[in-house]
Every structure is written in C-alpha cells, then in structure tokens.
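One-letter residues, chain by chain:
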Amino acid sequence: MESRAARIGLTIWVGFVLAFLFVPIILIIVYAFNSSNIQSWPIAGFTFKWFGSAFANSEIRTALLLSLKAGVIATTIAVLLGSAVAFAVHRFEFFGKDAVSFMVVLPIALPGIITGMALNSFFVFWGLGLSFWTIVIGHATFCIVIVYNNVIARLRRVPRSLEEASMDLGADAWQTFRRVTLPMISTSLVAGALLAFALSFDEVIVTTFTAGAQNTLPLWIFGAIRLGQRLPEVNVVVLVVMTLTFVPVLLAYRLTNQAGAMVK
Amino acid sequence: MNSYATDQAQDASSPSAVAEPVIVRLAAVRKSYKDVVAVERVDLEVRRGEFFTLLGPSGSGKTTSLRLIAGFEKPDSGLIELNGADVTGLPPYDRDINTVFQDYALFPHMTVAENIAYGLQAKRVPRDEIKPRVAEALRMVRLENFGERSPAQLSGGQRQRVGLARAIVNRPKVLLLDEPLGALDLKLRQEMQSELKRIQAEVGITFLYVTHDQEEALTMSDRIAIFNLGRIVQIGTPAQVYEEPADEFVAGFVGTSNILRRDGRRFALRPEKVRMMRADETSTEAGLHVEGGTITEVIYVGQFTRYVVRLADGTDITTVRQNSDRSTSGPREIVGSKVLVAWRSDNLFELR
C-alpha cells in the first residue's frame, strides 16, 4: 500500500518536472498558430498566417540564411579540423598530447561569454572588422570540440586489429583509411556534424560578441523580444529554430546508437 | 656412383632427411616497449609446409614474435627473413604473409564474401578471378552459403572460419595464427583443431601457430618452439619436448612432471610413467625402482584418477591410474593409504 502511494506521488512529481520543462515550449508552438497578435490564453483561433508574414519578412529571411550559412561553414571547418585532431591524438604518441587533447576540448567547458570576449578583443586588437567570418570562426571553436569528441570516442572503440587486418591483407595506409577506418567512423562523423550544426544554429552568446552588423536568427529573436516587436512572427521563428536543431540532435542520437551496435 | 644414388633414394624415403627449405628465419631478434622487454632474443627457422607452434605462457614473447613476423611491429635489432629475402623493414602489406586474428578482426561493414575478397582486391587480382577464388575459400571452410551474411550474423566458430578463409584465399607463403581458437568453447575448439589440420593438408601452406595451450600444441604441431621470458627455451617435435624437456620450465609447462632430486641431480618423471602398487605387492620386473609413500590427494577425473603420493623424503609424486573397470564406489585407495610407487629408471629424464 505504501509503495503504491509512493508510486503515485512519484508519478505526479515527474509530471510536474516534465510540465515545468515543456509547457513554455508547447506554449510557443501553440502561439505560433494563434490568430490574434495578442498572446492570451486560450488562443483566439487557429491560423497559418504568421508563417506567411514571417517568411515575407526580409529581415527574418536574411537572418535565417545567415544562420544556415554560418552553421554549414562552421560545421565543415569543424569536421575537417576536429577529425584531423582526433586521428592525430588517437594514432600518434607525441610530446604534449594530453595538453593538446585538453585544449581542444576546453572551449566547450569555458563559459561562452569568455570565449566571446576573448575572440572579440582578439579581432579588435588585430583590426579585423567583425563580419560573417568572425561569426563562423567563433562557432567553429566549439563545433570542433563536438566533432573531435564524437570521432575520438568512436576511434577508441574500433579495434586496432581491424586496421592491422587490412594492412595484413595487402592494403596500404590510404586504402586502409578509405575502406576500413572511414566507414567505421562515418556515423560518428555525421553525428558530430549534426550536433555541431545544431549548436551553431541556436548560438547566442559567442555570436553577440563576434557579429558585426549581421543578425543570425537567434540574435534577431533576441532583439525582437527585447523590443516587444513582431511577437507572433517570433513564435514562428522559434518553432523553426527548434525544428532545425531538434531534428539533427535526434538523428545524431540514433546514429550513435546504431553504430554502437555495429562496432560492438 | 651407384652407392651414391642408393643413398639419395634412402634419404628421400625417410622424412627427416627431406629438408624442406627454410621459409621463415628470425636471427637475434629483439623487441622492447619502453622499459619492458617483450622479446629478449629469438632465433628461429621454420621450414616450408610445417605446422610450427610457438608455445608459452602469456607474456613470454610468442605473440610479439608473431607480430614481428607479420610486420605489425618493428624489431629493435635482428633480422627477419621470408623465403630467403630480408623483410625486416617491410610494412605488413609488402609481406607475403597473412594472419588469422584471435578476435577474428572481420570488417563489420562488409559481408562475408566482401571480407574474403578484400585481400584479392587490394592486390588488384582481376575481378573475374576473385569470385571463383572466394567461392573456393568458402567451400574450404564449409561456409558455402554464408557469403552474403554479415559477420554479426555468425557464431564465433563461423567467424573464425571466415577469418581463416580471408587469409588463405591470398595463398600466402606463411599463415600466422594468433591463438585462433582461444575464444571458442572446448568442443568447438577440438572440432576446429582437426579442421585446421585438414585445411593445412589441403592448401600446403606453412602454418605458424601461437597458443598457450600445451595440449593443442602437442596434438597439432610438426614442431614446437617453447617460449619463456622472451626467449625460446626449446625447439623440437611434440615427442621431443614432451619426453626430453630442456629444463624444469618445459617439463612443467608441457604436460605435468614430477621433479625428483637424487644425488644432487634433478630428474623429470611423467605421472603416467609412475606405477602405484599396494604396500604388500612386489614386482619382479627388472630395472624397476620402488619407493614407499602415503597418498595425500585423490582426484577423480572420470577417465582416470590422479593420486599424489608423498615419499619418505617429502617429495610429492603425482601418478595417474586409468579407471579401466566400471565402478561407482570410487577408487580403492584413499587419502592416508600406504602405497608403493615404482618407475623404470630409464623413464627418468635428467634436467640440466
């Protein structure tokens, strides 16, 4: 009897926690379809009109395009550099190896505000004007970590004997990389890239310090809410941002798990 | 002239005289990792077509020696020759050697057939030649219908067969096998042992086999090299290493031995060469050495019973007796019984 009461109590408690986490998000989604431009409960009616007006807004379109471009380029840089570092750290013994692997991971541990300030003063010091490219560089700092972590975790789980078997069978280093190593880590590379993109796409803090006149989508949302303007469109944009970040994260999660079963 | 020809014919008919050429030669090979010496010094000659086993406890240097021959490791010093050519500095893909790995090391993202074709593709064997050779290799390991499966769908024994097929399809000069049966259960292991022997007879490739299982080594090998502490302590046929162990280590590692100390000399005596008799029994057999003792241990093994008998001087002698009559009442002799143990003195083997 007591355990039954405890179980009911726990269920209610879990319900509260989930509601606390997700009610605000659900509200935003619901408001995106609210026919009135005044946010009140219950919503006045159901409409898609804010989607049209949000997409018609050139500010929003420019911001979306900028965010997508920055995300894609930062992710590409991260995939190239992050996986290269992962290979180096995994394969070779060299002086300062631990320090290197620590420093690569550091940007994710540092508060974004410090990364942002540091990058800002660096760019200003060297007289590099803040631009689209400074945003990309800012995002790449933490995107590299994500790719690096994913790839090195996988590399550590791929048995060394697979590469030895490949070389033993007559494949040289390049053939071994292309036909064995790369297929073994490909899902971790894709998962890392998806996560990195998601992280870049909704990044605010570092972007604030490294963006010049440009607005990424999160910066536009931030500005609009502060000024209390275009709130219905903001809800639509938030919905888009959520989808564009949630879907890659979900995919990445599934990829990592599937591949785990494959490598064993 | 005539007698010379006759000698030749006689030589050819006796197997020991037909000296096949040396196919693998290690000369003064040494390998260390940082401060740990894995292989102190190894000299070794393996002849073509031999089933040659590297036997030793873990950490004795046998696996490192195999990895040096495969080319996965570079020796600190020494020479490795394959078919008379120096391969010491060559990478694995430039050596005409293939390996069967203990963990199988099958490529999980390829089918069984793709795994087997991998080596042929890497060596740019024409496409229309690859298919029949893969089929032939699958037939040899009795997995004809498994080509399209993925390795994850196979049992441990089947995976090991694929690993074997993937190696022999390349027709290497030497096949290296690194404890290939270590992960299999006893029944399957025995099955694979005879399977390996059959396949070796069929392809005629030199097998260099690493194991820590002395029984496996004795049953399968033409010759055995016994490793201890990074060195080879004895090389010989199974009968040689069993009946004439080079030292106490070999005597204890290959089978079990009783070590007797008599007149400041040490002798090895195999348990099955010790006869146990009742205290009142007498034997008239010539050359039989008899001593009295007390049974301190009785271990029923099913097929036989193992006894430990303590002699007057404190030496423990292990002996076995076949359970040749069916009985559920157990062995007649029990712990504490006074018995006689006897052995023919020519069954003692002096250790130096």
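## Examining the overall build of chain B
And step 1. The secondary structure content of chain B amounts to 9 helices and 18 strands.
And step 2. Summarising the internal contacts of chain B: among those between residues at least 6 apart in sequence, 64% fall at separations of at least 24.
And step 3. Carbon and sulfur atoms make up 48% of the accessible area of chain B, which totals about 17700 Å².

## A look at the overall build of chain A
And step 1. Across its full length, chain A holds 11 helices and 0 strands.
And step 2. Mapped in sequence order, the helices and strands of chain A form the string α-α-α-α-α-α-α-α-α-α-α.
And step 3. Principal-axis analysis of the C-alpha atoms places the extent of chain A at approximately 70 × 70 × 30 Å.
And step 4. Considering chain A as a whole, with its 264 residues, one finds that 40% of them fall into the buried category.
And step 5. Of the accessible surface of chain A, which amounts to about 14600 Å², a share of 73% is contributed by carbon and sulfur atoms.
And step 6. With 17 positive and 11 negative side-chain charges, chain A shows a separation of 8 Å between the mean positions of the two kinds.

## Quick look at the sheet that holds strand 13 (residues 275-278) of chain B
Residue and element names in this part refer to chain B.
And step 1. In spatial order, the strands read 13-17-14-15-16; together these 5 strands make up an open sheet with antiparallel pairing. Pairing within the sheet leaves two strands with one partner each, and these edge strands are strand 13 and strand 16 (316-322). On average, each strand axis in the sheet is tilted by 45° relative to the strand beside it, whichever way the strands run.
And step 2. Judged from the 4 bridges that link them, strand 13 and strand 17 (residues 338-344) form a sheet pairing that is antiparallel. Paired with Arg-278 across the strands is Val-339, a residue of strand 17.

## Section: the confidence of the model for chain B
Residues and elements named next belong to chain B.
And step 1. Chain-level statistics for chain B give a pLDDT mean of 88 and a share of 94% at 70 or above.
And step 2. Long-range and interchain partners of residues 1-15, a stretch whose pLDDT sits below 50, account for 3 contacts in this model, where long-range means more than four residues apart.
And step 3. Interface confidence in the predicted complex, given as ipTM, is 0.81; pTM for the same model is 0.78.

## Examining the interface of chain A and chain B
And step 1. Counting from both sides, the interface comprises 21 residues of chain A and, opposite them, 25 residues of chain B.
And step 2. Overall, the association of chain A and chain B removes approximately 2000 Å² of surface from exposure, summing both partners, and the carbon and sulfur fraction of that is 57%.
And step 3. For the chain A face of the interface with chain B, the top three residues by lost area are Asp168(A), Leu169(A) and Arg179(A), together amounting to 37%.
And step 4. Counting across the chain A and chain B interface gives 1 salt bridge.
And step 5. The partner of Glu164(A) in a salt bridge is Arg67(B), and the shortest N-O contact between them spans 2.5 Å.
And step 6. Taken together, the links from chain A to chain B amount to 9 residue pairs in polar contact (both at pLDDT 80 or more).
And step 7. Only helix 7 (160-168) and helix 8 (173-201) of chain A provide two or more residues apiece to the side of chain A that touches chain B.
And step 8. In terms of residue class, the side of chain A that touches chain B is built from 11 nonpolar, 5 polar and 5 charged.

## Regarding the environment of Leu199(A)
Residue and element names in this part refer to chain A.
And step 1. The topology assignment puts Leu-199 in helix 8.
And step 2. A C-alpha to C-alpha distance of 9.2 Å links Leu-199 and Val-249, two positions 50 residues apart in sequence.
And step 3. Setting aside residues up to four positions removed in sequence, Leu-199 forms contacts with Ile-108, Phe-142 and Ile-146.

Rules behind the numbers
Residues numbered from 1 in each chain as written. Chains lettered and ligands numbered in written order. Predicted model: local features only at pLDDT ≥ 70, side-chain atom pairs only at ≥ 80, totals over all residues. Heavy atoms only, no water. Helix = DSSP H or I, 4+ residues; strand = E, 2+ residues; numbered from the N terminus. Contact = heavy atoms within 4.5 Å. Areas by Shrake-Rupley, 256 points an atom, 1.4 Å probe, with all protein chains shown as cover. Buried < 20%, exposed > 50% of the residue type's maximum accessible area, 1.4 Å probe, protein only. Lys, Arg positive; Asp, Glu negative; His and termini not counted. Charge placed at Lys NZ, Arg CZ, Asp CG, Glu CD. Pairing = 2+ DSSP bridges. Axes fitted to C-alpha atoms, helices over the stretch in contact; angles between N-to-C directions. pLDDT = per-residue confidence, 0-100. Buried area = accessible area lost by both parts, 1.4 Å probe. Salt bridge = Lys/Arg side-chain N within 4 Å of Asp/Glu carboxyl O. Polar contact = N/O pair within 3.5 Å; in protein donor to acceptor, adjacent residues only side chain to side chain. Nonpolar A, V, L, I, M, F, W, Y, C, P; charged D, E, K, R; others polar.

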